[in-house]
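Here is how the chains run, residue by residue.
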Amino acid sequence: MDVIPVTSSYFSFMISSLLVVFATALIAAYYYIETSRAVRLIKKLPSPPHVPILGHSLITLKASPEDIIEKGLEYYEKYGTVIGVYLGTKAVVFLIDPQDIEIILSSSVHIDKSQDYQFFKPWLGDGLLITTGDKWRRHRKVIAPTFHMNILKTFVPLFYENSIDLVQRLRDQIGKEFDCHDYLSAVTVDILTETAMGVRKGGKKKTGFDYAMAVMKMSDILHRRHYDVSLRADILFRFSKFAKLQEKLLSIIHSLTNSVIKEKARDVEEKHAKNQQQKEPQNDKLMESSVMTKNTESAKNNTANYKLHYVRDDLDDIDENDIGDKKRLAFLEMMLELKKVGQMTDEEIWEEVNTIMFEGHDTTAAGSSFALCALGSHPDIQARVHEELDTIFGDSDRQCTFQDTLEMKYLERVILETLRLFPPVPLIARQLNEDVKIVTNNYVLPKSTTVLVVQFLTHRIDKYYPNATVFNPDNFLPEKMQQRHYYAYIPFSAGPRSCVGRKYAMLKLKVLLSTILRNYRITSNKSIDDFQLRGDIILKRHDGFKIKIEPRKSGLINQ
Ligand code: HEM
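Quick caveat, the model's predicted, so the values are computed rather than measured.

A.B. asks: Residues and numbers for the nonpolar core, please.
C.D. replies: With 136 residues, the main nonpolar core has Leu 95 and Val 453 as its most contacted residues. The element contributing the most residues to this core is helix α17 (residues 346-377), with 13 residues.

A.B. asks: Can you break down the pairing of strand β8 (residues 520-523) residue by residue, with the values?
C.D. replies: Alternating residues of β8 divide into Tyr 520 and Ile 522, all buried, and Arg 521 and Thr 523, none buried. Across four bridges, the pairing between β8 and strand β11 (residues 546-551) is antiparallel. Each bridged residue has a counterpart across the sheet, and for Tyr 520 the counterpart in β11 is Pro 551.

A.B. asks: With reference to specific residues and values, describe the UniProt feature "transmembrane region" (unreviewed entry) in the protein.
C.D. replies: Per the UniProt record, "transmembrane region" (unreviewed entry) is found at residues 12-33. Helix and strand shares over residues 12-33 are 100% and 0% respectively, and the end C-alpha atoms of the span are 31 Å apart.

A.B. asks: Help me get a handle on the packing of helix α10 (residues 208-227) against helix α12 (residues 241-277), residues and values and all.
C.D. replies: It is the contact of α10 with α12, at a shortest axis distance of 9 Å, that shows an interaxial angle of 140°. In the crossing of α10 with α12, the sense of the turn from one axis to the other is left-handed. Residues Asp 210, Tyr 211, Ala 214, Val 215, Lys 217, Met 218, Ile 221 and Arg 224 of α10 pack against Phe 242, Leu 245, Gln 246, Leu 249, Ile 252, Ile 253 and Leu 256 of α12. For the contact of α10 with α12, a count of residues per class yields 11 nonpolar, one polar and three charged.

A.B. asks: I'd like a description of the pairing of strand β1 (residues 82-87), backed by residues and values.
C.D. replies: The element β1 is extensively covered by neighbouring structure, given that five of its six residues are classed as buried. Where β1 and strand β2 (residues 90-95) come together, six bridges link them in antiparallel fashion. Of the residues in β2, the one forming a bridge with Gly 84 is Val 93.

A.B. asks: Talk me through the sheet that holds β1; I want residue IDs and the actual numbers.
C.D. replies: With mixed pairing, four strands are arranged side by side in an open sheet as β1-β2-β7-β4. In this open sheet, the two edge strands, each paired with only one partner strand, are β1 and β4 (428-431). Here the average twist between neighbouring strands, direction ignored, is 20°. Judged from the four bridges that link them, β4 and strand β7 (residues 450-453) form a sheet pairing that is antiparallel. Bridging across to β7, Arg 430 finds its partner in Val 451. Sheet strands touched by helix α5 (residues 98-105): β1, β2, β4 and β7. Its angle to β7, the strand with the most contacts, is close to 125°.

A.B. asks: Can you break down the site of the ligand residue by residue, with the values?
C.D. replies: Taken together, the neighbourhood of the ligand is formed by 24 residues, with Glu 359, Gly 360, Thr 363, Cys 499 and Gly 501 sitting nearest. Breaking the shell around the ligand down by element, the ones donating at least two residues are α17 and α23 (502-519). Per-element accounting of the shell around the ligand gives the leading share, seven residues, to α17. Class assignment of the residues belonging to the shell around the ligand gives a composition of 14 nonpolar, seven polar and three charged.

A.B. asks: Please set out unusual backbone geometry residue by residue, giving values where relevant.
C.D. replies: The residue Asn 441 is not glycine, and still its phi comes out positive at about 50°. Checked against the element boundaries, Asn 441 lands in the loop between β5 (436-437) and β6 (444-445). Notably, Ser 493 is not glycine yet its phi reads approximately 60°, a positive angle. Tracing the chain through its elements places Ser 493 in the loop between α22 (478-483) and α23. Given 22 C-beta atoms within 10 Å, Ser 493 falls into the buried group.

A.B. asks: I'd like a description of the UniProt feature "binding site: heme" (unreviewed entry) in the protein, backed by residues and values.
C.D. replies: Under the feature "binding site: heme" (unreviewed entry), the UniProt entry names Cys 499. Position of Cys 499 relative to the elements: it lies in the loop between α22 and α23. Given 22 C-beta atoms within 10 Å, Cys 499 falls into the buried group. Cys 499 has contacts with Phe 492 and Ser 493, leaving out every residue within four places of it along the chain.

A.B. asks: I'd like a rundown of α5, residues and numbers included.
C.D. replies: Most of α5 is tucked away, with six of its eight residues classed as buried. For α5, the full list of buried residues reads Pro 98, Asp 100, Ile 101, Glu 102, Ile 104 and Leu 105.

Thresholds, definitions, all that
- Residues numbered from 1 in each chain as written.
- Predicted model: local features only at pLDDT ≥ 70, side-chain atom pairs only at ≥ 80, totals over all residues.
- Core = buried A, V, L, I, M, F, W, Y, C linked by C-beta atoms within 7 Å.
- Buried ≥ 20, exposed ≤ 12 C-beta atoms within 10 Å, placed from the backbone.
- Helix = DSSP H or I, 4+ residues; strand = E, 2+ residues; numbered from the N terminus.
- Pairing = 2+ DSSP bridges.
- UniProt positions renumbered as here; feature names shortened; annotations may be inferred.
- Axes fitted to C-alpha atoms, helices over the stretch in contact; angles between N-to-C directions.
- Left-handed = near helix turned anticlockwise from the far one by under 90°.
- Contact = placed C-beta atoms within 7 Å.
- Nonpolar A, V, L, I, M, F, W, Y, C, P; charged D, E, K, R; others polar.
- Near = placed C-beta within 6 Å.

Structure below.
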């Protein structure tokens, strides 16, 4: 066979051709990106330094969750409440001012979640947190009423029973420094399983801890994919060490949720069989009203405290426009009833159970852990909480009731203040469906931009919270709240896509924290300024939620 002589001039021809192709591609990319309408509009906003074509991608390259909070604070100081960046053709805008945030969150047009939520799909499917359009509207209409006050009130004994269980388990930690988040994660999973899911564990082994730990590691992986460009594309992620770990964690997570669905489905079947025997008429208009009719006391009178000071949302409408006496069904039972009448599929139920289990536990675990740490760092504020609880319960070791929670005014302010300084969901991401003009300088945010509403920073604006970094529950005195812009306090988001579990969360936090605090005094040797915050999907302490406890009275409450 003849060998074709390869000369040095052939090589140099090849190399120069490749260079020309590469340079042409670069110039084309430069013009395509830098002159695109989105990037031109983004460049009008305050913005950190960037490089051509890659834009601000390099900023996130070496970022870690521990740096993100620091970086956010630094940029807010430097650039203000609107910050624009671009990553190639992707435009991202950070919004911090309540007036600008209101435009996005109150709109029924900008309800689509950003692309970043897609990483949740193998875990949550297309559940309420992620889905959009007609499916979101249909599911929201069904799910929101399952968190109606009439149902939440029936959960109080279960909140209390699990809280007392925790108080007993904490006995082993008296006098030692320990991480309270591990305990609170486990108990919040158990509470959710027994309330919204309606599956009683009773004497059986509670499975919350394994599930909660798997969720924590799973959130780590998802968050890493948000900021580490090398893990964003599925094709690259699949070959990383995280893909195998994700598979293992999802099998732990889904084995709990699958068994919860199976158990409750069996329950509902048994109930139907019993009803059939008693020939009770079935209600076939479930979807229309999402209620079952029976006599119960109206929610109106007793729920004043839970309307509170947030922006009004569909949860308030459901509670207030409660005409007649209704008995509503809790979340999973309602889903399964809807399946019986062909209005919910097995897959949809699976997606929503996984969504509620995640959203419902990790957020309240973080919120309650931050509350205990903050109280440990503020003995004076804790003493006021103890005083309030002593006024309500005296020396009695009786159970906590719904009525008691309405009297926990100071504890409520402590919880609200905790969620201000340490919002468990530190930011919300939306995708713009059309151009939006915001209040700040009339800037125009282009269609398709990812808007990041950074409530962590909104909650620290001095204009709305004088001495914003000081833990001061009196920020939530009624007169203070009335003077403040509604969107200056959005731990549960606001508008049509606000948190459906907001009232559930507040009620559960009150029962859980009051039960712990009736029994223990908390101490911590760290001031809240020294908490090392970790900007994960759910805000955490990188240095651990370390506290010490000591019994308040000679004996703990025994139930
Ligand atoms: C302190 C506790 C909680 C906080 C701070 C919190 C916060 C939030 C926030 C900020 C959102 C909006 C997220 C976004 O748009 O990306 C949200 C949505 C949601 N939350 Fe919560 N949440 C809490 C507790 C709960 C609980 C207990 C449940 C259920 C039992 C729950 C269920 C949901 C669901 C299903 C959504 C999606 C709503 C929709 O898109 O229509 N959350 N939550």
